[in-house]
Amino acid sequence: MCSSDLVGRAFHLLYLDLDNFKKINDGYGHKVGDEVLIKTAEMIQEQFPNAVTARLGGDEFAVVDESGSRSEIQDKCSRLETQVQEAFGHYNCGLSVSIGITETDGSIQDMDRLLNEGDVRMYEVKREHHRRGNG
């Protein structure tokens with residue numbers, strides 16, 4: 001699916017980043033880091049089975065979901081946050097996921113702007129996690 005395929009269609013865009021992922025690579029090695037990324041991708045697909053999921057690079061992912069209301073998306077994100085913390089808590093490095101949620105009614109034609117907005121919102125969540133000591 002390319003960005004032109006989404007023009008005129010309502011969807012949510014999620015921008016996800018793993019908090020403290022560098023501690024996994026540094027403390028356990030890149031093989032374990034790769035396993036964490038694969039498992040995270042599986043958990044994202046489990047929570048958002050009808051969405052398009054992509055790894056943007058490093059420890060960042062994007063999800064385009066055309067199904068569900070804003071509150072349903074937020075519920076799935078909360079479940080994913082819990083799932084990530086439970087799956088990787090044994091590493092004792094505070095691994096968590098920060099998720100920026102943005103949406104469009106289909107009228108937006110600039111995917112880069114929408115991705116940037118999701119990135120900004122993700123960093124707002126990340127700062128909140130740090131304030132609470134969760135990331």
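For the structure, check the block above.
Numbering of residues begins from 1 in every chain and follows the order in which that chain's sequence is written. Predicted model: local features are reported for residues with pLDDT of at least 70 only, side-chain atom pairs are reported and counted for 80 or more only, and whole-chain, interface and lining totals are derived from all residues. The basis for every side-chain value is the complete set of heavy atoms in the structure, and neither hydrogens nor water enter the calculation.

Strands here are runs of E lasting at least two residues and helices are runs of H or I lasting at least four, both read from the DSSP assignment and numbered beginning at the N terminus. On a plain count of helices and strands, the protein chain comes out with five helices and four strands. Across the protein chain, helices and strands are ordered from the amino to the carboxyl terminus as α-β-α-α-β-β-α-β-α. A compact globule built from 135 residues should have a C-alpha radius of gyration of about 14 Å, and the protein chain, at 15 Å, falls within 12% of that. Counting only C-alpha atoms, the protein chain reaches 45 × 30 × 25 Å along its principal axes. Looking at the protein chain as a whole, 44% of its 135 residues are labelled buried. Within the protein chain, contacts between residues separated by at least 24 positions form 70% of all contacts whose residues are at least 6 apart in sequence. Radius of gyration: C-alpha atoms only; globule rule: 2.2 Å multiplied by the number of residues to the exponent 0.38. To sort residues, take the accessible area from a 1.4 Å probe on protein chains only and compare it with the maximum for the residue type: under 20% means buried, over 50% means exposed, and anything in between is partly exposed. Two residues qualify as a contact provided that any one of their heavy atoms is within 4.5 Å of a heavy atom in the partner residue.

Once that is clear, we can look at the packing of helix α2 (residues 21-28) against helix α3 (residues 30-47). Orientation of α2 relative to α3, taken along the N-to-C sense of each, is 145 degrees, at an axis distance of 7 Å. In this structure, α2 uses F21, I24, N25 and Y28 to contact α3, whose residues at the interface are H30, V32, G33, V36 and L37. Three categories are distinguished: nonpolar for Ala, Val, Leu, Ile, Met, Phe, Trp, Tyr, Cys and Pro, charged for Asp, Glu, Lys and Arg, and polar for the others, with Gly belonging to the last. Class assignment for the residues of the contact of α2 with α3 results in six nonpolar, three polar and no charged. Lines fitted to C-alpha atoms define the axes, with helix axes restricted to the stretch in contact, and inter-axis angles between N-to-C directions lie between 0 and 180 degrees.

One can find D59 in the loop between β2 (52-57) and β3 (60-65). Two residue types count as positive, namely Lys and Arg, and two as negative, namely Asp and Glu; His and chain ends fall outside the count. Definition used for salt bridges: Asp or Glu carboxyl oxygen within 4 Å of a side-chain nitrogen of Lys or Arg. No salt bridge is formed by the buried D59, whose closest oppositely charged neighbour, K126, lies at an N-O distance of 5.9 Å. With residues up to four places along the chain from it excluded, the contact list for D59 reads L16, D17, L18, F21 and L37.

Next up on the list: the nonpolar core. Put simply, buried Ala, Val, Leu, Ile, Met, Phe, Trp, Tyr and Cys residues joined by side-chain atoms within 4.5 Å make one nonpolar core. Counting 26 residues, the largest nonpolar core has L14, L16, V36 and F48 as the members making the most contacts within it. Only β1 (11-19), α2, α3, β3, α4 (70-88) and β4 (96-104) provide two or more residues apiece to this core. Per element, the largest residue contribution to this core is six residues, and it comes from α3. Contacts of F48, omitting those with residues within four sequence positions, involve L14, V63, D65, I73, K76, C77 and L80.

Residues apart from glycine generally show negative phi values, whereas peptide bonds are mostly found in trans. One non-glycine residue, N20, adopts positive backbone phi at about 70 degrees. Examined against the element boundaries, N20 turns out to sit in the loop between β1 and α2. Phi at N92 is positive, roughly 50 degrees, even though this residue is not glycine. Along the chain, the position of N92 falls in the loop between α4 and β4.

Between its first and last C-alpha, α4 extends 27 Å over 19 residues, near the 27 Å set by a 1.5 Å rise per residue. Among all positions of α4, only I73, K76, C77, L80, Q83, V84 and F88 are buried. Projected onto a plane normal to the axis of α4, the buried residues spread over an arc of 125 degrees and lie on a single side. In this structure, the buried side of α4 is in contact with β1, α3, β3 and β4. To estimate the expected span of a helix, count its residues, drop one, and scale the result by 1.5 Å. What the arc describes is the spread of directions from the helix axis to the C-beta atoms.

What follows is about helix α5 (residues 111-132). The end-to-end C-alpha distance of α5, which contains 22 residues, comes to 32 Å, matching closely the 32 Å that a straight helix rising 1.5 Å per residue would cover. All of the buried residues in α5 are L114, G118, D119, M122, K126 and H129. Down the axis of α5, the smallest arc covering the buried residues is 140 degrees, so these residues share one side. Packed against the buried residues of α5 are β1, β3, α4 and β4.

Function cannot be read off these values alone, since they describe shape.
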